[in-house]
Amino acid sequence: MTIIGSCKRQGFKDSCNPTIKIFVEVNWAESGINPTKENKAYTEVHRVSMRFFPKDGSEPFECYLEESVHNGFIEVPIGEYSIMAMNESVHDVYWHDIMDFTDINDYNKIAAMVAPKDPSSYKFYTPADGELFMTEAHKLASWSIDDFNVTADMIQTTNGNITKIEENYFTINVDMRRLTYDTKVVLTAKNLKSALAIQGAMRGFSQKVYLSSAKTEVLPATQFFKFGGYTYDEGSIWNGTAEAMFQTFAKLPEGTQAEYTMLLDVLLVDGSAYLPDIPFDYVLTDVVNPQNGALINIAVSIELPEKTGDENVSVGDWDDEEHIDL
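Keep in mind the model is a prediction, meaning the values are calculated, not measured. (Residues numbered from 1 in each chain as written. Predicted model: local features only at pLDDT ≥ 70, side-chain atom pairs only at ≥ 80, totals over all residues. Heavy atoms only, no water.)

1. A closer look at the overall build of the protein chain
Keep this limit in mind: Segments assigned H or I by DSSP are reported as helices when at least four residues long, segments assigned E as strands when at least two residues long, and all are numbered from the N terminus. To sort residues, take the accessible area from a 1.4 Å probe on protein chains only and compare it with the maximum for the residue type: under 20% means buried, over 50% means exposed, and anything in between is partly exposed. Using a 1.4 Å probe, the Shrake-Rupley method yields the accessible areas, and only the shown protein chains count as cover for residues.
Within the protein chain one finds 1 helix and 24 strands. Looking at the protein chain residue by residue over its 326 residues, the buried ones come to 47%. For the protein chain, the accessible area works out to roughly 16,200 Å², and carbon and sulfur atoms hold 46% of it.

Below is the structure:
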């Protein structure tokens with residue numbers, strides 16, 4: 001089956017400029033995204049955009065794979081380009097209130113930033129001066145090539161990432177790389193049953209990543225999260241574990257003097273906020289820095305007082321509490 005993509009053409013200098021038909025093959029294996037189909041629609045990704053940056057300085061334009069996010073044809077004007085590919089597009093409403101894109105007309109500077117978060121919605125937390133906050137990122141992946149020439153004689157030649165697949169067509173092989181990473185926090189708690197809710201603030205992961213280089217910016221921020229999945233130890237109705245999973249752009253660039261810390265806060269089942277003599281504030285730099293995979297694992301332990309519940313207390317009551325300075 002022949003699948004044709006589309007191009008957004010308002011950036012073309014000359015609508016009569018000859019175009020070359022190119023086949024695009026997308027590999028998602030290392031992207032952290034699984035674009036499978038359900039009910040004829042793709043899950044996790046809706047389309048692929050390829051943003052072309054002309055070397056002559058003219059306006060960038062985008063070509064899309066929409067019917068299939070795995071492969072398809074695009075038509076590109078003859079010229080010299082740098083290319084950045086990503087899931088969705090920098091213009092999509094999909095990213096609204098989640099991520100912003102900056103310097104979209106500069107191949108070397110185009111970047112994604114996780115949208116800022118208002119810390120006032122988390123009553124337990126007192127921000128430090130200049131502290132930045134971020135929401136949880138959507139899954140994001142990219143691919144790039146610095147130099148890509150579309151020439152009239154491409155039918156007779158091969159160059160770089162371009163390989164001949166049929167008599168009249170060439171392929172661009174797009175190997176998507178992940179830009180978002182998961183962090184998993186496993187909390188072991190004595191008297192876990194005493195907790196109505198447990199939430200935390202993870203400090204240090206980057207708020208910004210460059211799409212063409214896949215490098216993060218030295219822009220650490222704080223991300224709030226809540227624990228779920230309470231599991232009690234075998235034979236115990238009090239002790240157990242809770243888990244939290246959240247997604248970020250991960251660590252600061254290599255060589256940066258990065259620091260990673262985490263603060264936990266607990267609302268007890270009797271409706272009171274637990275204020276231990278020593279706050280649940282953890283320095284995790286030596287835990288996070290050695291981990292370079294797709295998943296960052298953090299494990300901590302706490303001990304809570306033994307409390308019985310108040311059936312009239314709900315997690316929503318926490319939002320009405322006065323500000324708690326930890």
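Next comes the rest of the write-up.
2. Some words on the sheet that holds strand β9 (residues 99-102)
Note the following rule: Strand pairing follows a simple DSSP-based rule, namely that at least 2 bridges must link the two strands. The convention used is that axes are lines fitted to C-alpha atoms, helices contributing only their stretch in contact, and that angles between N-to-C directions extend from 0 to 180 degrees.
Pairing within the open sheet is antiparallel, and its 3 strands lie in the order β9-β10-β17. Looking at the sheet topology across the chains shown, the edges are occupied by β9 and β17 (208-210). Neighbour-to-neighbour, the strand axes of the sheet open up by a mean angle of 20 degrees, direction not taken into account. Bridge count between strand β10 (residues 111-114) and β17: 3 bridges; the pairing is antiparallel. Pairing of Ala112 across the sheet is with Val209, part of β17.

3. Some thoughts on the nonpolar core
Keep this limit in mind: Only buried Ala, Val, Leu, Ile, Met, Phe, Trp, Tyr and Cys residues count toward a nonpolar core, and they belong to the same one when joined by side-chain atoms within 4.5 Å. In this analysis, two residues are considered to be in contact whenever any of their non-hydrogen atoms come within 4.5 Å of each other.
Membership of the largest hydrophobic core comes to 49 residues, with the highest contact counts inside it found for Leu140, Met202, Met262 and Leu264. Once residues lying within four places of it in the same chain are set aside, the contact partners of Met202 are Ala221, Thr222, Gln223, Phe225, Phe246, Tyr260, Thr261, Met262, Leu284, Val288 and Ile298. Trp28, Val48, Phe61 and Met176 belong to the second largest nonpolar core, which has 30 residues in total.

4. A word on the environment of Thr171
Within the element layout of this structure, Thr171 appears in strand β13 (residues 170-175). On the accessibility criterion, Thr171 (4% relative accessible area) is buried. Taking the C-alpha atoms as reference, Thr171 lies 9.6 Å from Gly72; in sequence the two are 99 residues apart.

5. Overview of the pairing of strand β18 (residues 220-226)
A large share of β18 lies buried, amounting to 5 of its 7 residues. Relative to β18, strand β16 (residues 195-206) runs antiparallel, the two sharing 6 bridges. Bridge assignment links Gly200 to a residue of β18, and that residue is Phe225.

6. Examining the pairing of strand β21 (residues 261-268)
Buried residues dominate β21, accounting for 8 of its 8 residues. Every second residue of β21 is oriented toward a common face, with Thr261, Leu263, Asp265 and Leu267 on one face and Met262, Leu264, Val266 and Leu268 on the other, all of them buried. Inspection of the sheet shows β16 paired to β21 by 8 bridges, in the antiparallel sense. The residue bridging Arg203 from the neighbouring strand is Thr261, located in β21.

7. Let's talk about the pattern of salt bridges
Our working rule: Basic side-chain nitrogens of Lys or Arg form a salt bridge, by our definition, when they fall within 4 Å of a carboxyl oxygen of Asp or Glu.
Within the structure shown, the criterion is met by 9 salt bridges. Each of Arg47, Glu66 and Asp92 takes part in a single network of salt bridges with overlapping partners.

8. Brief notes about the sheet that holds strand β20 (residues 240-248)
Read across the sheet, 4 strands follow the order β19-β20-β15-β24 without closing on themselves; strand pairing throughout is mixed. What marks the edges here is a single partner per strand, and that holds for β19 (228-232) and β24 (295-303). This sheet shows a mean twist of 20 degrees between the axes of neighbouring strands, independent of strand direction. As paired strands, β19 and β20 are joined by 3 bridges and run antiparallel to one another. If you follow Thr231 over to β20, its bridge partner there is Thr241.

9. Details of the packing of aromatic side chains
Applicable threshold: Stacked, tilted and edge-to-face pairs are distinguished by plane angle, under 30 degrees for stacked and over 60 for edge-to-face with tilted covering the rest, among Phe, Tyr and Trp rings (Trp via its six-membered ring) whose centres lie within 6.5 Å. A positively charged side chain is recorded as over a ring if its NZ (Lys) or CZ (Arg) lies within 6 Å of the ring centre. The angle to the ring normal must also be within 35 degrees.
If you walk through the whole model with that rule in mind, you get 14 aromatic pairs. Residues Tyr94 and Trp95 carry aromatic rings whose centres are separated by 4.8 Å and whose planes lie at 75 degrees to one another, so their mutual orientation is edge-to-face. Exposure remark for Tyr94: the relative accessible area of 25% places this residue in the partly exposed category. Looking at Trp95, the relative accessible area reads 1%, which means it is buried. Judged by centre distance (5.4 Å) and plane angle (15 degrees), the rings of Phe133 and Phe224 are stacked. You can see Phe133 sitting in the loop between β10 and β11 (141-150) and its partner Phe224 sitting in strand β18, a full 91 residues away along the chain. Here Phe133 and Phe224 have matching classes, each one buried. Each residue in the set Phe52, Phe61 and Tyr81 is aromatic and connected to the rest through ring pairs, giving one cluster. In this arrangement the basic side chain of Lys21 is found over the ring face of Phe73, its NZ or CZ atom lying 5.1 Å from the centre.

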